[in-house]
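A look at the structure
This is what each chain is made of:
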Amino acid sequence: MKQKIDDILSKHYPNIQDTFISGRDASKLGWTNDNTVNLSGSAYLDDNDVFHYSTSQNIKDNPVDLYNMINTHRTRLAPIYDMKRQYYKGRHINILNRKPTPHGDPDNRRIVNMPKKLVNSFNGYFIGTPIDIAYQDPSEEETSESDKVNNLIQDMTKHQVLDDVFTEASKWSSVYGRSYLYLYTDKDAYPHITFLDPLNTFIVYDNTVKNEPLFGVTYSYRPDKLGHQILHGSFIEVNDTVPFASDATNMQSVSFDDNPDPDTGIDDKNAHPFSQLPIVEVIDNEERLGVFDDTVSLVDDLDGAMSAKANDSDSFAASVLKVINSELSDEQIDDIKQSRVLNLFLDKSWANSDESRALPTPDAEFMEKPTGDELQENQIQHDTDFIYQVSQIANLDNVDFSTSAAQALDFKIHSMKLKALAKETKFKRSLTQIWACALEAQGINVNDVDNLEYTFNFTIPHNLLAEAQTANELQSTTSQETAIASLSNVPDAKKEMQKIADEQDQLAQQAKERMPDPYLDPNSEDDTSNNDINNSSGGDE
């Protein structure tokens, strides 16, 4: 596998975008009538690089089908994922594997890492501010069930740093076109959530219109004592996770390490308490396209333009000096290279002779090479603009954050907001499934997952002064809650209104304590004191 990936990364591709976009292997292997390619038996790969299997078949009874899916993933999909990873990290295959320039000419390989810029900008906007997850009790008053669910969410989020887990899952789904969230339990049956990349993981869906996930697969190849690469993995299904390995008698099949109970059909050793799959796919779109998949040809072109520009700069430094009407010796040429000074003159002994006047005047100049600087600048600008436009990512590097520009910011990021809203819908569906498993692991009613609310707070720069002015004007035409909700730094308008009311009550109480009672005689306290003194004196007599 490693050698295969190394071979792929060492090639130059005329248009690598065709490789990145999902469905390429299906189209190359041959289409069927329903736009899929059969692998074997009841398994097939669709146009979005998603595996499907028949609901009428049991994969454990057909281990060759599972092996064929793993082999297709390993040999056709995983190398492409690795290429995407290299592009994200800044190792752009096409510019690095370009043929060397002839005759020792400058051969720069400049890389502008736009894929990383696009992925990080989009996910910084989408999930840079952590997701707010809370259980909303359907009853008017909070119950012990509500407290139990919210405490579980808070504890898992804090101790497992789930904000980072969800951020990484979102980032890699934008790189690969998909990633996975996986929930497992420790020895105390406490749930843990982690993310998996698609390099050695995939989910198989059914072949019905429901398109429901049937099982998940994670696998790896490890050498045995003889150095042979042996397949090992886990088969994740509802209620069970079963280890498997290469079949000892047939290397193109697998054998399950499974001892199912004759009554339940589940191996108690590997059973898990979930009524649904504890692994879920995180995607940006149904086509499983990453953020830069359909712009990678522009990225390669931008790298080429920047490299050509650098080559021209190096060529200028290595310009050829043309000496006219003077013959230089090798020693003189070496002196010129060292001193960087050229002094051409006629010998004084015959400089003023008639013969010298008839000779042409010696001269020297650098030979000018044709340059395409203006053309290159236009190409670089066009490539950059199209990369942002096609990827639907806003270029915020050249935003002037003046009042007028800030007001137009919403229009500038509108396309990216639509992209983020589409991803938000799919991300919520993934979170619902994974949190349902977490609730089940703790013995909480799985239906409570329907009352979980996910709030995505898109991260954008704000002009708070302009927002404050807008909110102040809104108070004359809308409710106070609506006016406060227009402020981006106020996450909850109702809570903010309650804080304002509490502060007003506190200020009123403080003012009341400072003001004297208008019905109290200012001399009453002194009179009372004097009366007490007089009464005390009279008592002594």
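The structure we're discussing is the one just above.
None of these values were measured; they are calculated from a predicted model.

Further remarks concern the overall build of the protein. The helix and strand inventory of the protein stands at 19 helices and 15 strands. The buried share of the protein, reckoned over its 541 residues, is 37%. Considering only contacts within the protein whose residues lie at least 6 apart along the sequence, 64% involve residues at least 24 apart. Element-wise, carbon and sulfur atoms account for 48% of the exposed surface of the protein, whose accessible area totals about 31400 Å².

Attention now goes to the pattern of salt bridges. Where charged atoms from two side chains of opposite charge come close, those side chains can pair. Counted by the stated rule, this structure contains 16 salt bridges. One salt bridge in this structure joins E286 and R288, with 3.4 Å as the shortest N-O distance. Note that R429 and E286 form a salt bridge whose closest N and O atoms lie 3.6 Å from each other. Of this pair, R429 sits in helix α15 (residues 414-441) while E286 sits in the loop between β12 (279-283) and α9 (296-317), placing them 143 residues apart in sequence. Residues joined by salt bridges that share partners form a network here, namely R178, E281, E286, R288, K426 and R429.

Our focus in this paragraph is the pairing of β12. Burial of β12 is extensive: five of the five residues sit out of reach of the surface. Because side chains alternate across β12, one face comprises the buried residues I279, E281 and I283, and the other comprises V280 and V282, equally buried. Where strand β5 (residues 178-185) lies against β12, five bridges are found, and the strand directions are antiparallel. Each bridged residue has a counterpart across the sheet, and for Y182 the counterpart in β12 is I279.

Here helix α7 (residues 144-159) contains 16 residues, and its C-alpha end-to-end distance of 22 Å stays within 8% of the 22 Å for a straight helix at 1.5 Å per residue. Burial in α7 covers these residues: S146, V149, N150, L152, I153 and M156. The arc enclosing the buried residues of α7, seen along the axis, measures out at 150°, which places them on a common side. Structural note: α7 exposes S144, Q154, K158 and H159 on the side pointing more than 90 degrees away from its buried face. Those residues of α7 that are buried are in contact with β4 (132-135), α8 (162-176), β6 (191-196), α15 and β15 (452-455). Positive backbone phi, approximately 50°, marks V161, located one or two places after α7.

Calculation rules
- Residues numbered from 1 in each chain as written.
- Predicted model: local features only at pLDDT ≥ 70, side-chain atom pairs only at ≥ 80, totals over all residues.
- Heavy atoms only, no water.
- Helix = DSSP H or I, 4+ residues; strand = E, 2+ residues; numbered from the N terminus.
- Buried < 20%, exposed > 50% of the residue type's maximum accessible area, 1.4 Å probe, protein only.
- Contact = heavy atoms within 4.5 Å.
- Areas by Shrake-Rupley, 256 points an atom, 1.4 Å probe, with all protein chains shown as cover.
- Salt bridge = Lys/Arg side-chain N within 4 Å of Asp/Glu carboxyl O.
- Pairing = 2+ DSSP bridges.
- Expected span 1.5 Å × (residues − 1).
- Arc of directions from axis to C-beta.

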